[in-house]
Amino acid sequence: CLDSEGKLHEFGSKWRTEDCNDCFSSRDGIRCCTSYVTPVDYDKEKCESIFNKETCSYKVVEKNNHSKECPVHSWVG
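What counts and how
- Residues numbered from 1 in each chain as written.
- Predicted model: local features only at pLDDT ≥ 70, side-chain atom pairs only at ≥ 80, totals over all residues.
- Heavy atoms only, no water.
- Pairing = 2+ DSSP bridges.
- Helix = DSSP H or I, 4+ residues; strand = E, 2+ residues; numbered from the N terminus.
- Axes fitted to C-alpha atoms, helices over the stretch in contact; angles between N-to-C directions.
- Salt bridge = Lys/Arg side-chain N within 4 Å of Asp/Glu carboxyl O.
- Buried < 20%, exposed > 50% of the residue type's maximum accessible area, 1.4 Å probe, protein only.
- Contact = heavy atoms within 4.5 Å.
- Polar contact = N/O pair within 3.5 Å; in protein donor to acceptor, adjacent residues only side chain to side chain.

K.L.:
Which residues make up the sheet that holds strand β6 (residues 57–62), and what values go with them?
P.N.:
The strand order across the open sheet built from three strands is β5-β6-β7, with neighbouring strands paired in antiparallel fashion. Two strands in the sheet have a free side with no partner beyond their single neighbour: β5 (47–52) and β7 (65–69). Looking at each pair of strands side by side, their axes are set apart by 55° on average, direction ignored.

K.L.:
How would you explain the pattern of salt bridges if you had to name every residue and give the values?
P.N.:
A complete count under the given rule lists four salt bridges for this structure. Linking Arg-16 and Asp-22 is a salt bridge whose minimum nitrogen-to-oxygen distance equals 2.7 Å. Residue Arg-16 is classed as partly exposed on the basis of its relative accessible area, which comes to 46%. A relative accessible area of 29% places Asp-22 in the partly exposed class.

K.L.:
Provide a residue-level description of the pairing of β7, including the pertinent values.
P.N.:
Pairing analysis gives two bridges linking β6 to β7, with the strands arranged antiparallel. From the neighbouring strand, Val-61 faces β7, where its bridge partner is Glu-69. Counting the residues between successive antiparallel strands, the hairpin from β6 to β7 contains two residues.

K.L.:
Can you explain the side chain of Ser-26? Please cite residues and give values.
P.N.:
Within the secondary structure layout, Ser-26 lies in strand β2 (residues 21–26). With a relative accessible area of 18%, Ser-26 lands in the buried category. If we ignore the near neighbours within four places in the chain, the residues touching Ser-26 are Cys-1, Phe-11 and Gly-12.

K.L.:
Please set out the environment of His-66 residue by residue, giving values where relevant.
P.N.:
Within the secondary structure, His-66 is located in strand β7. Judged by its relative accessible area of 42%, His-66 falls in the partly exposed class. The spacing of His-66 and Glu-48 is 18 residues in sequence and 8.9 Å in space, taken between C-alpha atoms. Beyond its immediate stretch of four places on either side in the chain, His-66 contacts Glu-48, Ile-50 and Val-61. A distance of 2.6 Å separates a polar atom in the side chain of His-66 from a polar atom in the side chain of Glu-48.

K.L.:
Please set out the side chain of Ser-25 residue by residue, giving values where relevant.
P.N.:
Positionally, Ser-25 belongs in strand β2. Polar side-chain contacts of Ser-25 include one of 3.5 Å to the backbone oxygen of Glu-10. Setting aside anything within four residues of it in sequence, one finds Ser-25 in contact with Cys-1, His-9, Glu-10, Phe-11, Gly-12, Ser-13, Trp-15 and Ile-30.

Bear in mind that shape data such as this cannot, by itself, settle questions of function.
So this is what it looks like as structure tokens:
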């Protein structure tokens, strides 16, 4: 199978894209989904979510002090 970047993948192979998607190749084609969960229930006035592309994960921190993490009550992915 050829992916969207024109790279060839064997049937049954798995890989992670630069955009943090996990992909799987089969005879039916290529299927991809996000490899991370997104924070949705946190104090958006006091805090902000920051995505780290190297770890493919979000961190939720205080807007005024990024060294302090905020509690997250729900994630989706």
